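Fold and contact review
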Amino acid sequence: MRVALLLVRFAALVVGDERYREQWEADVVGARELGMSPFAVAFGAVRAAVAIPSKGAVVAGVGPLGIALKHAGTSRGRVLVIAVVSALLLVGGVVMLFA
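Residues numbered from 1 in each chain as written. Predicted model: local features only at pLDDT ≥ 70, side-chain atom pairs only at ≥ 80, totals over all residues. Heavy atoms only, no water.

**Concerning the overall build of the protein**
Heads up, the condition is: Each helix is a run of DSSP H or I of at least 4 residues and each strand a run of E of at least 2, with the numbering of both proceeding from the N terminus. Accessible area is worked out with a 1.4 Å probe on protein chains only. A residue is then buried under 20% of its type maximum, exposed over 50%, and partly exposed in between. Any two residues whose heavy atoms approach within 4.5 Å at even a single point are treated as in contact. For accessible areas, the Shrake-Rupley method is used with a probe of radius 1.4 Å. Any residue's cover is judged against the shown protein chains and nothing else.
From N to C terminus, the protein includes five helices and zero strands. Sequence-ordered secondary structure for the protein, helices as α and strands as β, is α-α-α-α-α. When the 99 residues of the protein are sorted by exposure, 24% land in the buried category. For the protein, restricting intrachain contacts to residue pairs at least 6 apart in sequence, the fraction spanning at least 24 positions comes to 47%. Carbon and sulfur atoms provide 69% of the accessible area of the protein, an area that totals close to 7,000 Å².

Quick look at the structure:
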């Protein structure tokens with residue numbers, strides 16, 4: 001349950017709204033009473049955080065991706081995909097450099 005609460009807190013931090021953290025933590029705590037897995041609820045909160053459109057305040061000024069997110073008004077999901085692909089390409093290049 002602690003890991004699920006940490007995931008929810010991370011998701012609320014990404015969104016940047018304290019209301020989401022309170023609601024999602026309550027959902028994780030009450031999940032067992034409804035016969036649900038707390039991890040499934042936490043994963044749903046993470047998916048929601050990715051889908052919520054960005055206001056640009058949370059990642060403003062954090063490299064090129066943060067600046068692009070601020071000015072483009074695109075969803076966090078697209079920026080997350082771009083960041084993951086960029087990191088994989090960077091890691092692949094470093095591995096090829098030393099291989």
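**Description of a nonpolar patch on the surface**
Here is the rule: Patch members must show over 30% relative accessible area and no salt bridge, and they are joined within 9 Å when carrying like charges or within 5 Å when they are nonpolar side chains of Val, Leu, Ile, Met, Phe, Trp or Tyr. Salt-bridge detection follows one rule: a side-chain nitrogen of Lys or Arg within 4 Å of a carboxyl oxygen of Asp or Glu.
The grouping of Leu 90, Val 94, Leu 97 and Phe 98 at the surface amounts to a nonpolar patch, some 480 Å² of accessible area in total. Tracing the backbone shows Phe 98 in helix H5 (residues 76–98). Of the residues examined, Phe 98 reaches a relative accessible area of 69% and is grouped as exposed.

**Considerations on the environment of Ala 11**
Along the chain, the position of Ala 11 falls in helix H1 (residues 2–15). The class for Ala 11 is buried, based on a relative accessible area of 2%. For Ala 11 and Arg 21, which are 10 residues apart along the polypeptide, the C-alpha to C-alpha distance reads 7.8 Å. Residues in contact with Ala 11, not counting those within four places in the same chain, are Trp 24, Ala 45, Val 46 and Ala 49.

**Re H1**
Threshold: By definition here, a helix of n residues has an expected span of 1.5 Å times n minus one. Comment: arc refers to directions from the helix axis out to C-beta atoms.
Relative to the 20 Å expected for 14 residues at 1.5 Å per residue, H1 spans 20 Å between its end C-alpha atoms, a close match to the ideal helical length. Every buried residue of H1 is accounted for by Ala 4, Leu 5, Val 8, Ala 11, Ala 12 and Val 15. Buried residues of H1, viewed axially, fall in a sector of 120°; they line one side. Turned more than 90 degrees off the buried face of H1, the exposed positions are Arg 2, Leu 6, Phe 10 and Leu 13. Structurally, H1 contributes buried residues whose contacts are with helix H2 (18–29), helix H3 (38–51) and H5. One or two steps after H1, the chain reaches Gly 16, where phi turns positive at roughly 85°.

**Some words on the packing of H1 against H3**
Two measures define how a pair of helices packs: the angle their axes make with one another and the distance between the axes. The line we're drawing: Here an angle of 0 to 180 degrees is reported between the N-to-C directions of two axes, which are lines fitted to C-alpha atoms, with helices fitted over the stretch in contact. Note on angle classes: values under 35 degrees are labelled roughly parallel, values over 145 roughly antiparallel, values of 65 to 115 roughly perpendicular, and the remainder oblique. If you view the pair so one helix is near and one far, a crossing is left-handed when the near helix is turned anticlockwise from the far one by less than a right angle, and right-handed when it is turned clockwise.
Interaxial distance between H1 and H3 falls to 9 Å at its minimum, and their mutual angle equals 15°. Here H1 is positioned roughly parallel relative to H3, judged by the angle of their axes. For the pair H1 and H3, the crossing hand works out as left-handed. Along its contact with H1, which presents Val 3, Ala 4, Leu 7, Val 8, Ala 11 and Val 15, the element H3 presents Pro 38, Phe 39, Ala 42, Ala 45, Val 46 and Ala 49.

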